[in-house]
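Here is how the chains run, residue by residue.
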Number of protein chains: 2
Amino acid sequence: MVLMSKLIFVGLGLHDENDISLRGLKEVKRADFVFAEIYTNLMGGLGIEKLEDFAEKKIMVVSRKMLEDENGRQILAAAQKGKTVFLVPGDPLIATTHVDLRIRAEKAGINTCIVHGASIISAAMGLAGLQNYKFGRSVTIPFTDFGVIAETPYDIVRANLKSELHTLCFLDIRAEERRYMTIKEALETLLEIGKRRQESLITRNTLVVGVARAGSKKTVVKADFIDKALTYDFGSPPHILIFPSKLHFMEADALINLAKAPESIRKLIK
Amino acid sequence: MVLMSKLIFVGLGLHDENDISLRGLKEVKRADFVFAEIYTNLMGGLGIEKLEDFAEKKIMVVSRKMLEDENGRQILAAAQKGKTVFLVPGDPLIATTHVDLRIRAEKAGINTCIVHGASIISAAMGLAGLQNYKFGRSVTIPFTDFGVIAETPYDIVRANLKSELHTLCFLDIRAEERRYMTIKEALETLLEIGKRRQESLITRNTLVVGVARAGSKKTVVKADFIDKALTYDFGSPPHILIFPSKLHFMEADALINLAKAPESIRKLIK
């Protein structure tokens, strides 16, 4: 008898249980064991019970502790015994912890494969109508705890702007504490650094695009200069932030028509 | 009576008709008209007839000519009349032509919305086990026609390597001619430019990762130095190519364990 030792990473996509692919759902239905983690990204509408109804089986939700401190032992043990699906928000393997688990599985002789899902990376670029090949490196803006402000995000936005590249900024998530950074908090952090450094690169006149709840029926995409963006109500999380650089005319057209940007952004067309 | 004027862009994901999300399929089933384009990306296993079976309706496949030269008039006319779904490979709005159509629709008073799908952008990063925030700007390597070689891709890989950033290289697709650039062709083009410029940045000793048929059961991910990668049989398209820069130790671990890289790549760990 061939031992069915297999671990399949399945992406859940962006918003709720309807964002899994037909292929992903098939794998879940065929699986002996199903695990899910829901802390690396916030899926605003996800109900695990609804997903269990679709899947016609029990889903075990794993915590950060089980996955990171205990190296996913429970998932690997299940995968040694039978076909195991591990559900993750977005597209699998974007979070380092999933790559780590995949390496551990392969080293333990467990076959792995991936069923991809929609990711906020391409979703945010597309929703803003900004061209993928004009993005420089992306960055996460972390919460400022104990007054310590990480300056790397600011430096990356600056380097990208100087190279005329857009920047995709992921905003910090602390699912255990139910803390999700807002666009407003992220902007205030970056403005604070610019002020302290007495630089005029990121100011109240810098263009930004905020995207809230991508993939849901209540997706909001709004482009404006920071002073206006700070007063805009983006609503509940998750939020993501883009710093556009110089714009192609079609990008400007997209921001004006699809993200309610003011006409004055046309001055950034190059 | 409210006129149901609506255009929904639905991402088909990476490989075949099973990569659509449950949400996407629901929208297709509810639609009055369904269009699809299948030329901006190759979905190796997609059968439009199978998709029509799932959808329980006819799908009209649109050509590049209909979408670009005629500005998608047919799709917009349908969307004026009833709920219309436009199916696109990958995640919608990554191709400029989709953004253009969305702007035209909104300007014509047609409501638009997006159902996201898996994109090769995040899929390739994840399959290689390379960290998203270490990628610089991405680039497309075009076919060299009439002996003219575009040097921009080379310059972008070079700039990223100098900034210690990875580069995701999309390979040219000419669906009408059924021409899909292979990893081998892309590497030969870049080596040729390096040779002509007498530079030693991209040489036979440069590490690359080739990804073929992402999202299919026959996905191949192979990391090696160019001289070896040139002789590797990646099989049928679509192909995609990554130039990794300096590696985090877990990235090296991923390339060795998940992409069969030689142990000697550990010298690139920083």
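(A) Spotlight on the overall build of chain A. Scanning chain A from N- to C-terminus turns up ten helices and twelve strands. Taking the principal axes of the C-alpha coordinates as reference, chain A spans close to 70 × 40 × 30 Å. Nonlocal contacts in chain A, meaning residues at least 24 apart in sequence, comprise 75% of its contacts between residues at least 6 apart. By element, 51% of the accessible surface of chain A is carried by carbon and sulfur atoms, the whole surface being about 11,400 Å².

(B) Inspection of the relation of the copies chain A and chain B at higher detail. Overlaying chain A with chain B gives an RMSD of 0.0 Å, the required rotation being 180° about an axis along which the chain moves by 0.0 Å. The superposition of one copy onto the other is thereby described by a two-fold rotation axis. Here 100% of the interface residues in chain A have copies in chain B that are interface residues too; the copies meet face to matching face.

(C) Focus on helix 6 (residues 120–128) of chain A. Residue and element names in this part refer to chain A. Where burial is concerned, most of helix 6 is hidden: nine out of the nine residues are buried. Listed as buried for helix 6 are Ile120, Ile121, Ser122, Ala123, Ala124, Met125, Gly126, Leu127 and Ala128. Capping the start of helix 6, Ser119 holds a side-chain oxygen 3.0 Å from the backbone nitrogen of Ile121, two or three residues further along. Phi turns positive, to about 75°, at Gly129, one or two residues after helix 6.

(D) Fine view of the sheet that holds strand 7 (residues 167–171) of chain A. Residues and elements named next belong to chain A. The strand order across the open sheet built from five strands is 6-7-12-10-11, with neighbouring strands paired in mixed fashion. Each edge of the open sheet is held by one strand with a lone partner, namely strand 6 (139–141) and strand 11 (220–225). If you compare each strand with its neighbour and ignore which way they point, the axes differ by 25° on average.

(E) Molecular detail of empty space enclosed by the protein. What the rule picks out here adds up to six cavities of 30 Å³ or more. Approximately 150 Å³ is the volume attributed to the largest cavity. Forming the walls of the largest cavity are 17 residues, and the residues nearest its centre are A:Met125, A:Gly136, B:Met125, B:Phe135 and B:Gly136. When residues of the lining of the largest cavity are traced back to their parent elements, those giving at least two are helix 6 of chain A together with helix 6 (120–128) and strand 7 (167–171) of chain B.

(F) View of the packing of aromatic side chains. Residue and element names in this part refer to chain B. Enumeration over the complete set of coordinates arrives at four aromatic pairs over all chains. With a centroid separation of 5.9 Å and an interplanar angle of 65°, the aromatic rings of Phe9 and Phe86 are classed as edge-to-face. Linking Phe9 in strand 1 (residues 6–11) with Phe86 in strand 4 (residues 84–88), this pair joins segments that are 77 residues apart in sequence. A relative accessible area of 0% means that Phe86 is categorised as buried. One residue, Arg179, lies across the ring of Phe143, its end atom 4.0 Å from the ring centre.

(G) Just the packing of helix 5 (residues 96–107) of chain A against helix 10 (residues 249–258) of chain B, in detail. Contact pair helix 5 of chain A / helix 10 of chain B: the axes reach a minimum separation of 10 Å and the direction vectors enclose 40°. Taken together, helix 5 of chain A and helix 10 of chain B sit at an angle that is classed as oblique. The two elements helix 5 of chain A and helix 10 of chain B meet at a crossing, and its hand is left-handed. Only B:Met250, B:Asp253, B:Ala254, B:Asn257 and B:Leu258 of helix 10 of chain B make contact with helix 5 of chain A, whose side of the interface consists of A:Thr96, A:Val99, A:Asp100, A:Arg102, A:Ile103, A:Glu106 and A:Lys107. Its residues assigned to classes, the contact of helix 5 of chain A with helix 10 of chain B comprises five nonpolar, two polar and five charged.

(H) Spatial organisation of the environment of B:Lys228. Residues and elements named next belong to chain B. With respect to the helices and strands, the residue Lys228 is situated in helix 9 (residues 226–229). Here Lys228 falls in the exposed class, since its relative accessible area comes to 51%. The spatial distance from the C-alpha of Lys228 to the C-alpha of Val62 is 40 Å, given a sequence separation of 166 residues.

(I) A look at the sheet that holds strand 1 of chain B. Residue and element names in this part refer to chain B. Ordered in space as 3-2-4-1-5, the five strands form an open sheet in which the pairing is parallel. What marks the edges here is a single partner per strand, and that holds for strand 3 (60–62) and strand 5 (111–115). Neighbouring strand axes in the sheet, compared pairwise and without regard to direction, differ in orientation by 25° on average. Relative to strand 5, strand 1 runs parallel, the two sharing five bridges. When the bridges of strand 5 are listed, Lys6 appears paired with Asn111.

(J) Molecular detail of the interface of chain A and chain B. Contacts between the two partners involve 51 residues from chain A and, on the opposite side, 51 residues from chain B. The contact between chain A and chain B buries some 4,400 Å² in all, and 61% of this surface belongs to carbon and sulfur atoms. Counting the surface chain A buries against chain B, the share from its top three residues, A:Leu22, A:Arg23 and A:His116, is 16%. When the shortest N-O distance is used, the salt bridge between B:Asp253 and A:Lys107 registers 3.4 Å.

(K) A look at the environment of A:Ser200. Residue and element names in this part refer to chain A. Examined against the element boundaries, Ser200 turns out to sit in the loop between helix 8 (183–197) and strand 10 (207–212). Residue class for Ser200 comes out exposed when judged on its relative accessible area of 66%. Considering only alpha carbons, one finds Ser200 and Ala254, 54 residues apart in sequence, at a separation of 26 Å.

(L) Representation of the pattern of salt bridges within the structure. Residue and element names in this part refer to chain B. Counted according to the given criterion, the structure contains 51 salt bridges over all chains. Close ionic contact of Lys50 with Glu17 constitutes a salt bridge, the shortest N to O distance being 3.3 Å. Of the two residues, Lys50 sits in helix 2 (residues 48–55) while Glu17 sits in the loop between strand 1 and helix 1 (22–30), which places them 33 residues apart along the sequence. Judged by its relative accessible area of 46%, Lys50 falls in the partly exposed class.

(M) Fine view of the nonpolar core. Among the nonpolar cores identified, the biggest contains 114 residues, and A:Leu7, A:Phe86, A:Leu255, B:Leu7, B:Phe86 and B:Leu255 are the most heavily contacted of them. Each residue touching B:Leu255, except ones within four places of it in the same chain, is listed here: B:Ala128, B:Leu130, B:Leu207, B:Val209, B:Ala223, B:Leu247, B:Lys260, B:Ala261 and B:Ile265. Listed in part, the 38 residues of the second largest apolar core include A:Leu12, A:Ala36, B:Val10 and B:Val85.

(N) Structural view of the pairing of strand 7 of chain B. All names here are of chain B. Among the five residues of strand 7, five are classified as buried, and the element is accordingly described as predominantly covered. Along strand 7, one buried face is formed by Thr167, Cys169 and Leu171 and the opposite face, lined by Leu168 and Phe170, is buried too. As paired strands, strand 6 (residues 139–141) and strand 7 are joined by three bridges and run parallel to one another. Note on strand 7: the bridge partner recorded for Thr140 is Phe170. Taken together, strand 6, helix 7 (residues 152–162) and strand 7 constitute a β-α-β crossover, and its handedness is right-handed. Note: strand 7 against strand 12 (residues 239–243), four bridges, orientation antiparallel. Bridging across to strand 12, Thr167 finds its partner in Phe243.

What counts and how
- Residues numbered from 1 in each chain as written.
- Chains lettered and ligands numbered in written order.
- Predicted model: local features only at pLDDT ≥ 70, side-chain atom pairs only at ≥ 80, totals over all residues.
- Heavy atoms only, no water.
- Helix = DSSP H or I, 4+ residues; strand = E, 2+ residues; numbered from the N terminus.
- Contact = heavy atoms within 4.5 Å.
- Areas by Shrake-Rupley, 256 points an atom, 1.4 Å probe, with all protein chains shown as cover.
- Least-squares fit on C-alpha atoms with pLDDT ≥ 70 in both.
- Buried < 20%, exposed > 50% of the residue type's maximum accessible area, 1.4 Å probe, protein only.
- Polar contact = N/O pair within 3.5 Å; in protein donor to acceptor, adjacent residues only side chain to side chain.
- Pairing = 2+ DSSP bridges.
- Axes fitted to C-alpha atoms, helices over the stretch in contact; angles between N-to-C directions.
- 1 Å grid on protein atoms, 1.4 Å probe; cavity = no way out; pocket = protein on both sides within 12 Å on 5 of 7 lines; lining within 4 Å.
- Points joined across faces, edges and corners; volume = space filled by probe spheres on them.
- Phe/Tyr/Trp six-rings, centres within 6.5 Å; stacked < 30°, edge-to-face > 60°.
- Lys NZ or Arg CZ within 6 Å of the ring centre and 35° of its normal.
- Parallel < 35°, antiparallel > 145°, perpendicular 65-115°, else oblique.
- Left-handed = near helix turned anticlockwise from the far one by under 90°.
- Nonpolar A, V, L, I, M, F, W, Y, C, P; charged D, E, K, R; others polar.
- Buried area = accessible area lost by both parts, 1.4 Å probe.
- Salt bridge = Lys/Arg side-chain N within 4 Å of Asp/Glu carboxyl O.
- Core = buried A, V, L, I, M, F, W, Y, C linked by side-chain atoms within 4.5 Å.
- Right-handed = clockwise from strand over helix to strand, strands pointing away.

Function-wise, these values are silent; they only describe arrangement.
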